[in-house]
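Spelled out from the first residue to the last, the chains are:
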Amino acid sequence: MLSAHSAALLHVLFVVAIVAEAMTAAVSAGRRSMDWVGVCLLGCVTALGGGSARDILLGHYPLTWVQNPYYLLITVAAAFTTILTARLMHHLRRLFLFLDAVGLVVFTVIGCNVAMEMGLPLVVVAASGLITGCVGGVLRDILCNDIPLLFQSELYATVSMVTAAIYVGGLRAEMGHDLIMGIAMVAGLTLRLLALRFSWGMPKFVYTRDEH
């Protein structure tokens, strides 16, 4: 199991991640000219939607934000702060891309841990990490009427899968929990940042033939 130090670090990173996700969602809401309530709701859905989807699918109750209502307050405050500081957002784009990458790997590891604590099979553990890491962004894109980033060629879901695979594989090999958590998160974060830097992506499936 995680040490007290690693659990505390993971919690801090989780809070940083939901703040970043809520703020980036607020920017997306602003591009769609949503009202202030819509901005705050989209921030909450994006930041907490992946964990909520995971908990519902796995029957893990209460939901994270129900058990810890202050997460809702944090995400609402982050989204509302974005409204007030919108003029500065474009200067912080690189920072938010980095924090989004951090959030992806942190959410993935947390999702894996939830499934492991429930004693579920390793395949389900990895799927739980993927759902936690990616579904919030899918919900954001759908509500903003965009093609979800998850379904494009950009390395996003792949990063989550790699992080989960390293984490679950390391635990299967009986490596130290804290050690493999650090390795998985660093590997996932590095892959995501390299993908952003060099525009790496998965092969696309293009089918244009008209059968009619």
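Residues numbered from 1 in each chain as written. Predicted model: local features only at pLDDT ≥ 70, side-chain atom pairs only at ≥ 80, totals over all residues. Heavy atoms only, no water.

Participant: So what's going on with the pattern of salt bridges? Which residues, and what values?
Facilitator: Applying the stated criterion across every chain, the model contains 3 salt bridges. Here Arg32 ties to Asp146 by a salt bridge, and the two come within 2.4 Å at their closest N and O atoms. Placement of Arg32 in the loop between α1 (4-31) and α2 (36-58) and of Asp146 in the loop between α6 (122-143) and α7 (157-172) is noted, with a sequence separation of 114 residues between them. Across the pair Asp55 and Arg54 runs a salt bridge whose closest N-O atoms are separated by 2.9 Å. (Salt bridge = Lys/Arg side-chain N within 4 Å of Asp/Glu carboxyl O. Helix = DSSP H or I, 4+ residues; strand = E, 2+ residues; numbered from the N terminus.)

Participant: So what's going on with unusual backbone geometry? Which residues, and what values?
Facilitator: Note the cis peptide between Tyr61 and Pro62, where omega equals 0°. Its place among the elements puts Pro62 in the loop between α2 and α3 (64-67). We note that Ser33 has phi near 55°; this positive angle belongs to a residue other than glycine. Relative to the helices and strands, Ser33 resides in the loop between α1 and α2. Ser33 gets classed as exposed once you look at its relative accessible area, which sits at 65%. Unusually for a residue other than glycine, Glu174 sits at a positive phi of about 65°. Following the sequence through the fold, Glu174 ends up in the loop between α7 and α8 (177-198). Glu174 sits in the exposed class, given a relative accessible area of 72%. (Buried < 20%, exposed > 50% of the residue type's maximum accessible area, 1.4 Å probe, protein only.)

Participant: Help me get a handle on a nonpolar patch on the surface, residues and values and all.
Facilitator: Nonpolar side chains collect at one region of the surface, where Leu88, Leu92, Leu95, Phe98 and Leu193 lie side by side and expose about 400 Å² of accessible area between them. For Leu193, the position within the fold is in helix α8. (Patch = residues over 30% accessible without salt bridge, like charges linked within 9 Å, V, L, I, M, F, W, Y side chains within 5 Å. Areas by Shrake-Rupley, 256 points an atom, 1.4 Å probe, with all protein chains shown as cover.)

Participant: Could you give an account of the environment of Arg172, with specific residues and numbers?
Facilitator: For Arg172, the position within the fold is in helix α7. For Arg172 and Leu122, which are 50 residues apart along the polypeptide, the C-alpha to C-alpha distance reads 8.6 Å.

Participant: Residue-level account of the nonpolar core, with values.
Facilitator: If you look at the biggest cluster of nonpolar residues, it comprises 40 residues, and the most contacted ones within it are Leu10, Phe14, Ile18, Val106, Tyr167 and Met185. Elements represented by at least two residues in this core include exactly α1, α2, α4 (70-84), α5 (93-117), α6, α7 and α8. The dominant element in this core, judged by the number of residues it contributes, is α5, at 12 residues. The contacts of Phe14, once residues within four sequence positions are left out, are Leu48, Tyr71, Val106, Phe107 and Ile110. With 8 residues, the next largest nonpolar core counts Ala25, Ala26, Val39 and Cys144 among its residues. (Core = buried A, V, L, I, M, F, W, Y, C linked by side-chain atoms within 4.5 Å. Contact = heavy atoms within 4.5 Å.)

Participant: Any details on the environment of Leu193? Residues and values, ideally.
Facilitator: Leu193 sits in the partly exposed class, given a relative accessible area of 30%. The sequence separation of Leu193 and Leu155 amounts to 38 residues, and the corresponding C-alpha distance is 9.8 Å. Setting aside chain neighbours within four positions, we find Leu193 in contact with Phe98 and Ala101.

So, to be careful, I would describe these as geometric facts and stop short of saying anything about function.
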